[in-house]
Amino acid sequence: DAKTTQPTSMDCAEGRAANLPCNHSTISGNEYVYWYRQIHSQGPQYIIHGLKNNETNEMASLIITEDRKSSTLILPHATLRDTAVYYCIVKGGTSYGKLTFGQGTILTVHP
Amino acid sequence: EPEVTQTPSHQVTQMGQEVILRCVPISNHLYFYWYRQILGQKVEFLVSFYNNEISEKSEIFDDQFSVERPDGSNFTLKIRSTKLEDSAMYFCASGTGLWQPQHFGDGTRLSIL
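So, here's what we can say about the structure. All of these numbers come straight from a predicted model, not from anything done at the bench.

As a further point, take the packing of aromatic side chains. Residue and element names in this part refer to chain B. The final tally for this structure, using the stated rule, is 15 aromatic pairs over all chains. For the ring pair F49 and F75, a centre distance of 5.3 Å and an interplane angle of 40° mean the geometry is tilted. Placement of F49 in strand β5 (residues 43-50) and of F75 in strand β8 (residues 75-79) is noted, with a sequence separation of 26 residues between them. The pair F49 / F75 is uniform in exposure class, with both members buried.

Below, the discussion takes up the nonpolar core. Counting residues in hydrophobic clusters, the biggest one holds 22 residues, and the most contacted among them are W35, L73, Y86 and L107 of chain A. Breaking this core down by element, the ones donating at least two residues are β2 (18-23), β3 (31-38), β4 (45-50), β6 (61-64), β7 (70-75), β8 (84-92) and β9 (105-110) of chain A. No other element matches the four residues that β8 of chain A contributes to this core. With sequence-adjacent residues up to four places away left out, L107 of chain A is seen in contact with M10, D11, C12, A18, L20, L75, D82, T83, A84 and Y86 of chain A. Counting residues in hydrophobic clusters, the runner-up holds 21 residues, among them L46, L77, I79 and Y90 of chain B.

The rules we used
- Note on numbering: residues in each chain are counted from 1, in written sequence order.
- To label them, take the chains in the order written and letter them from A, then take the ligands in the order written and number them from 1.
- Reporting in this predicted model follows two pLDDT cut-offs: at least 70 for local features of residues, and 80 or more for side-chain atom pairs to be given and counted; totals over whole chains, interfaces and linings ignore these cut-offs and use all residues.
- Each side-chain value is derived from all of the structure's non-hydrogen atoms; neither hydrogens nor water enter the calculation.
- A pair of Phe, Tyr and Trp rings is counted when the ring centres sit within 6.5 Å of each other, with Trp represented by its six-membered ring. The angle between the planes then sorts it: under 30 degrees is stacked, over 60 is edge-to-face, the rest tilted.
- The way it works is that DSSP assigns letters per residue, a run of H or I at least four long becomes a helix, a run of E at least two long becomes a strand, and they are numbered from the N terminus.
- The cut-offs for exposure are 20% and 50% of the maximum accessible area for each residue type, with area from a 1.4 Å probe on protein chains only; residues under the lower value are buried, those over the upper are exposed, and the others partly exposed.
- Think of a nonpolar core as a cluster: buried Ala, Val, Leu, Ile, Met, Phe, Trp, Tyr and Cys residues, connected wherever their side-chain atoms sit within 4.5 Å.
- Working rule for contacts: check all heavy atoms of both residues, and any pair within 4.5 Å makes them a contact.

Written as structure tokens, this is what we have:
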């Protein structure tokens, strides 16, 4: 699976949009981009995933660049409860479903 | 909304003892996984399980580890002879397909004394 690069930490004001970037320049054609988050020491929580089109659900939007080498997770109106570690994971091919977690981005939402 | 449930939430065991961690995946899911997270470190994949057999396992998943789906609802991880370094949070996850999202439980904190 392709490697991903994320900033170590980011801050966001409550009520503002949080835009979390991820680079995955070695992504191959059949690999998906997944986003998970982990609040404190709870289990990772699935947010959203996509292949090449932009995606939106009730939690977030995922914008994937046309060349698929990077993506951005957007939390449209961040709340204090969105403070968490956010993981961008590329998965596909013959990985049998294994998720490979990196260090992620620590997002801190401030009042 | 259906969720993955794990029991117990905290398990304290003496080194060398066997421990079984239990998970109830979401009912229509077919793919099952165990991950672990040592305190302060990354979430690490242990094993994936589909159609009553292991699909993939990591180097961590050695002969001391085993998984089982003893009935239609439970999925267990057994550690035969625990070591101090097995102390970690263990997360179970399940999904409907290889490229469908995995849904995680809240984990079992395993403390080896």
